[in-house]
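Letter by letter, the chains look like this.
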Amino acid sequence: MGRYGGAFAGRVDDAADTSAEAKEQRVRALFPANALPATTLIVPETQTRDRCRFSFSRTTGDLEFAEDGIVGPVSENGHRLASERVSSVLNAVVRELTPTLSTNLRAAHVHAPRCGSEPVVALVYEGASNDEAAWRVDAEELRSTVQCSLVGRFKGQALICGNDFARELLTLDDGRALEYEFPEGSFCHPNGSANERSESWLCGRALSIGGNLLELYCGAGTHTCALSKYFERVVAVEVDAKLVEAAQRNLAANQCANATVVVDSVGKRRGRLHSVLRKRAWDDVRFDCILVDPPRRGLDDATLGALAGFAHVLVVACNPEKLARDCDVLLRTHAVAAFAVVDGFPGTPHVECLAHFV
């Protein structure tokens, strides 16, 4: 198996196209004239990722950076979009791969938090494990050498050597330092600095809201922990049971006693959450505000329509085009009180948006 190709030669390498200012202009152009107030542009302190995916070419075996919109070889110094720590861990793992660990290896996903906690590396294989015992022996040796946790992802099986989660520390503008566990393989923001500044923006908006919060698509509880300080009660909803467990641990670690995480599916036209959205209440907790952080496909029609009944709507959108289309509905009942563009994926065309509708 090869290891490194030449210098990065991906498709997105034009600073004019991927600058934060250019992204902001493109986002604003998606919305109706005068629909948005002055935009807050959130630019992270670091221009690299703390979590990256790399793949091994099927033809050459060379290592490639493998994220949406970016495909290209990785040099021996790492990749320009990967943090120095990610590149260092990746290089160390690649150097120490044994024949057992490299057989049928197709990808390496590296999460190396800025706070200095133990990195987690997922080795992704094609097919099933040929020799589980041998893999564990070599993985333990590699872990001892590189000082990282390893997860072997085979067809229908995951072998864990160490932890299957990364520990992250987010420091917010209000002075809090929040501790999180992010499960390997589940989404978390790849740029810790962008994550901190986004949460601080949301907390700033929450200051003027108060009351109770209903949160949809809460994941591992990133927003839940950050925002619980500013609401009397928080009920957060997530369909992935593994993420719900992580969110519950994160709430406990950050002493968020006023927040509850429940398992439910967003978008069902019947069931408990459907009734909660109609009534804007969960048992005796009536909601003044709802926060939605949907996947790239955006909100389903039923959930989107239910937002009209909430006095405050906070939206975290990784797909500005879908948010702009959703505004056709939201602007019938609400106005945009505040809007932010987050350059959370520097060097790529991707961008996130934060919006507060009232």
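Keep in mind that what you see is a predicted model, and the values were worked out from it rather than measured.

**Student:** Tell me about the sheet that holds strand β16 (residues 289–292), residues and numbers included.
**Tutor:** Within a sheet, adjacent strands bond to each other through the backbone by hydrogen bonds, running parallel or antiparallel. Read across the open sheet, the 8 strands follow the order β1-β18-β19-β17-β16-β11-β12-β13; overall the sheet is mixed. Strand pairing shows two members of the sheet lacking a second neighbour, β1 (39–42) and β13 (259–263), which therefore form its edges. Pairwise comparison of adjacent strand axes, ignoring direction, gives a mean angle of 15° for this sheet. Both strand β11 (residues 212–216) and strand β12 (residues 233–238) contribute to a ladder of 5 bridges, which runs parallel. In the sheet register, leucine 214 faces β12, and the bridge partner there is valine 235. Contacting β12 and β13, helix α8 (residues 241–253) runs over the sheet at an angle of about 170° to β13. Those strands touched by helix α9 (residues 272–279) are β11, β12 and β16, and its axis lies near 140° from that of β11.

**Student:** Give a detailed account of the pairing of strand β7 (residues 149–154), specifying residues and quantitative values.
**Tutor:** A large share of β7 lies buried, amounting to 5 of its 6 residues. Of the strand pairs in this sheet, strand β6 (residues 120–125) and β7 are connected by 5 bridges, and their pairing is parallel. Directly across from valine 124, in β7, lies its bridge partner arginine 153. Judged from the 5 bridges that link them, β7 and strand β8 (residues 157–161) form a sheet pairing that is antiparallel. Along β8, the bridge assignment pairs leucine 150 with cysteine 161. In this antiparallel pair of consecutive strands, β7 and β8, the connection spans 2 residues, and glycine 156 shows a positive phi of 75°.

**Student:** Quick one: what's the story with the side chain of serine 200, residue by residue and with numbers?
**Tutor:** You can see serine 200 is positioned in helix α6 (residues 192–206). Residue serine 200 is classed as buried on the basis of its relative accessible area, which comes to 11%. Filtering out sequence-adjacent residues up to four positions away, serine 200 remains in contact with Leu172 and Asp173.

**Student:** Describe the packing of helix α3 (residues 84–96) against helix α5 (residues 132–146), with residues and values.
**Tutor:** Packed helices, taken two at a time, are described by the angle their axes make and the gap between the axes. Axis separation between α3 and α5 bottoms out at 10 Å; the angle between their running directions is 140°. On the basis of their axis angle, the class for α3 and α5 is oblique. The handedness of the crossing between α3 and α5 is right-handed. For the pair α3 and α5, the contacting residues are Val89, Ala92, Val93 and Glu96 in the first and Leu142, Thr145 and Val146 in the second. Its residues assigned to classes, the contact of α3 with α5 shows 5 nonpolar, 1 polar and 1 charged.

Procedures and definitions
- Residues numbered from 1 in each chain as written.
- Predicted model: local features only at pLDDT ≥ 70, side-chain atom pairs only at ≥ 80, totals over all residues.
- Heavy atoms only, no water.
- Pairing = 2+ DSSP bridges.
- Helix = DSSP H or I, 4+ residues; strand = E, 2+ residues; numbered from the N terminus.
- Axes fitted to C-alpha atoms, helices over the stretch in contact; angles between N-to-C directions.
- Contact = heavy atoms within 4.5 Å.
- Buried < 20%, exposed > 50% of the residue type's maximum accessible area, 1.4 Å probe, protein only.
- Parallel < 35°, antiparallel > 145°, perpendicular 65-115°, else oblique.
- Left-handed = near helix turned anticlockwise from the far one by under 90°.
- Nonpolar A, V, L, I, M, F, W, Y, C, P; charged D, E, K, R; others polar.

Purely geometric numbers; function is a separate question.
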